[in-house]
Amino acid sequence: AKEVNRLSRLIESKICELMENGEGEYSFSIEGLDVELKIADRAFGAEREEFFRWCDVLVLPTRSENFGLVVAEALVRSRPVVVTRAAPWEGVVEHRCGWWTDVSSAALREAITEAITAPLAEMGKRGREWMLAEYDPKVLSAKLLEAVGT
């Protein structure tokens, strides 16, 4: 418990620092647990795909977001997410594929700390299933055709 508290405080301090700076990488180990935090403002193409392959959990610590497409991109790739309530992703809680937190470093710290021991593979699978059921282009086009009465 002592080491988890230490890890939790360290994560919160790095979150604060990274939210201020926008980008950065940190690697550290606590009691044999290797932790890597990577923050990127933007990533495109092959770099973006590498980022998704690398990450266990996507964290979107936004203060304002109209949708947050990167959340859907992570979920369809079976990556659980931590996203703030400034983005409309409350469904991650309902579908048990992530955390929807307050916009604060303490809330983000708590969610990330929980993610360390969470069943990420199961959560990722549920997230992918949700995205394919609701956002697959075939599903969306059928909904659109139904809406316009065709």
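Everything below is about the structure shown above.
Residues numbered from 1 in each chain as written. Predicted model: local features only at pLDDT ≥ 70, side-chain atom pairs only at ≥ 80, totals over all residues. Heavy atoms only, no water.

A look at the packing of aromatic side chains
Then, in step 1: Taken as a whole and assessed by the stated rule, the structure comprises 6 aromatic pairs.
Then, in step 2: Note on Phe51 and Phe52: the rings are 5.9 Å apart at their centroids and 65° apart in plane angle, and the pair reads as edge-to-face.
Then, in step 3: For Phe52, a relative accessible area of 2% translates into the label buried.
Then, in step 4: In textbook terms, an aromatic cluster arises when at least three aromatic residues are bridged by ring pairs, as seen for Phe67, Trp89, Trp130 and Tyr135. (Phe/Tyr/Trp six-rings, centres within 6.5 Å; stacked < 30°, edge-to-face > 60°. Buried < 20%, exposed > 50% of the residue type's maximum accessible area, 1.4 Å probe, protein only.)

Examining unusual backbone geometry
Then, in step 1: Although it is not a glycine, Ser78 sits at a positive phi angle of roughly 65°.
Then, in step 2: Structurally, Ser78 can be placed in the loop between helix H3 (69-76) and strand S4 (81-84).
Then, in step 3: Classification of Ser78 as partly exposed rests on a relative accessible area of 26%.
Then, in step 4: A positive phi is found at Arg96, a non-glycine position, where the angle reads about 55°.
Then, in step 5: Within the secondary structure, Arg96 is located in the loop between helix H4 (91-94) and strand S5 (98-101). (Helix = DSSP H or I, 4+ residues; strand = E, 2+ residues; numbered from the N terminus.)

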